[in-house]
Every structure is written in C-alpha cells, then in structure tokens.
Amino acid sequence: LPAAELKLLQCRFRKKAVFAVSNLSDDCTDTDITSYLADQGISVVTCFPAKTRFPGRKAFRVCLLAKDAARFLSADIWPENVTLREWHFKDKSN
C-alpha cells in the first residue's frame, strides 16, 4: 500500500476532529499546513483547500486525530490573525 493509504487505514478507527483554518496567505498550500502541523507534533489525517469569501486569502479543511485538537486550537502555535473554527458539515438531508 502507498504510504498515504496506510496512514488513512491506521487512522480509520481513531476518533477524529475536523477544523477550518482561514485567513492564510494566497501562496499557502495543503502541504505547507500539513508540514507545519507535523512540526508542531500534530497528526494530520487529511488537509484540503476550502472556499473562502476573501480575495487573496486561503482556507483549508483539516482533519486530525481528536487527541491533537487542543494543541491545534492553541493560539500559541499560529501566526496572528489566522482563524480557526470547527468545520461545519452541510446537512445532507436537503
């Protein structure tokens, strides 16, 4: 199995948390976010670009292990003005 698939299988049955990270510079990538969080000791399961209403800014949907949520939400690890919030899933019943 490729490393990415193996990582997903290992995380499949662990509790996860999903967040939005926004107000990032336009040149920020999902790889940048994943690498930055790994350097902070946070295990990222997935990271995808997300839509933002602000031109010239980027946002990402980040799924991580729930055990890392408190560290992820710590203002101490993020540059000033980065916005963090829980991911809002769309209601699939509509």
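Worth saying up front: this structure is predicted, and the values here are computed from it rather than measured.

Q: Lay out the overall build of the protein in plain terms, naming residues and giving numbers.
A: Helix and strand content of the protein: 3 helices and 4 strands. Scanning the protein from its N terminus toward the C terminus, one meets helices and strands in the order α-β-α-β-β-α-β. The buried share among the 94 residues of the protein stands at 31%. Residue pairs in contact within the protein that sit at least 24 positions apart in sequence constitute 70% of those at least 6 positions apart. Counting every atom, the protein has about 6800 Å² of accessible surface; 54% of that belongs to carbon and sulfur.

Q: Please set out the nonpolar core residue by residue, giving values where relevant.
A: Of all hydrophobic cores here, the largest spans 18 residues; its most connected members are Ile 33, Leu 37, Val 62, Leu 64 and Phe 72. Breaking this core down by element, the ones donating at least two residues are β1 (16-25), α2 (30-39), β2 (44-50), β3 (57-65) and α3 (69-72). Looking at which element gives the most residues to this core, the answer is β1, with 4 residues. Among residues more than four places away in sequence, those in contact with Phe 72 are Phe 19, Val 21, Leu 37, Ile 42, Val 62, Leu 64, Ile 77, Trp 78 and Leu 84.

Q: Which residues make up the confidence of the model for the protein, and what values do they have?
A: Here the protein averages 88 in pLDDT, and 85% of its residues register 70 or above. When pLDDT is averaged over each helix and strand of the protein, the minimum, 63, is found for helix α1 (residues 3-11) and the maximum, 97, for α2.

Q: Please set out the pattern of salt bridges residue by residue, giving values where relevant.
A: In the structure shown here, the tally under the stated rule is 1 salt bridge. With a shortest N-O distance of 3.2 Å, Asp 68 and Lys 67 are connected by a salt bridge. For Lys 67, a relative accessible area of 62% translates into the label exposed.

Q: Quick rundown of the packing of aromatic side chains? Include the residues and the values.
A: Applying the stated criterion across every chain yields a total of 3 aromatic pairs. Here the aromatic rings of Tyr 36 and Trp 78 are separated by 5.6 Å at their centres, their planes lie at 50°, and the arrangement is tilted. Pair noted here: Tyr 36 is in helix α2 and Trp 78 is in the loop between α3 and β4 (83-86), with a separation of 42 residues, a long-range link. Note on Tyr 36: relative accessible area 30%, which makes it partly exposed. Here the aromatic rings of Phe 72 and Trp 78 are separated by 5.4 Å at their centres, their planes lie at 80°, and the arrangement is edge-to-face. Here Phe 72 and Trp 78 have matching classes, each one buried. Clustering of aromatic rings is evident, with ring pairs tying together Phe 19, Tyr 36, Phe 72 and Trp 78. The ring of Trp 87 has Arg 61 sitting right over it, with the charged end atom 5.8 Å from the ring centre.

Q: Hey, could you go over the environment of Tyr 36 for me, with residue numbers and the actual values?
A: When the C-alpha atoms of Tyr 36 and Trp 78 are compared, they prove to be 9.7 Å apart, with 42 residues separating the residues in sequence. Tyr 36 has contacts with Ile 77, Trp 78 and Pro 79, leaving out every residue within four places of it along the chain.

Parameters at a glance
- Along every chain, residues carry numbers that run from 1 in the direction the sequence is written.
- It should be noted that, the model being predicted, local features are given only for residues of pLDDT at least 70 and side-chain atom pairs only at 80 or more, the latter also being counted only at that level, while totals for whole chains, interfaces and linings use all residues.
- Side-chain measures here rest on the full set of heavy atoms in the structure, leaving out hydrogens and waters.
- Segments assigned H or I by DSSP are reported as helices when at least four residues long, segments assigned E as strands when at least two residues long, and all are numbered from the N terminus.
- Partly exposed describes any residue whose relative accessible area lies between the buried limit of under 20% and the exposed limit of over 50%, with all areas from a 1.4 Å probe on protein chains only and scaled to the type maximum.
- What makes two residues a contact is simply this: any of their non-hydrogen atoms within 4.5 Å.
- Every accessible area reported is derived by Shrake-Rupley at a probe size of 1.4 Å, with residue values counting cover from the shown protein chains alone.
- The term nonpolar core refers to a set of buried residues drawn from Ala, Val, Leu, Ile, Met, Phe, Trp, Tyr and Cys, joined through side-chain atoms within 4.5 Å.
- Residue-level confidence of the predictor, termed pLDDT, takes values from 0 up to 100.
- The salt bridge criterion pairs a side-chain nitrogen of Lys or Arg with a carboxyl oxygen of Asp or Glu, the two atoms within 4 Å.
- Ring geometry is summarised as follows: Phe, Tyr and Trp rings, the Trp one being its six-membered ring, pair when their centres sit within 6.5 Å, and such pairs are stacked at plane angles under 30 degrees, edge-to-face over 60 and tilted between the two.
- Criterion for a charge above a ring: Arg CZ or Lys NZ at most 6 Å from the ring centre, at most 35 degrees from the ring normal.

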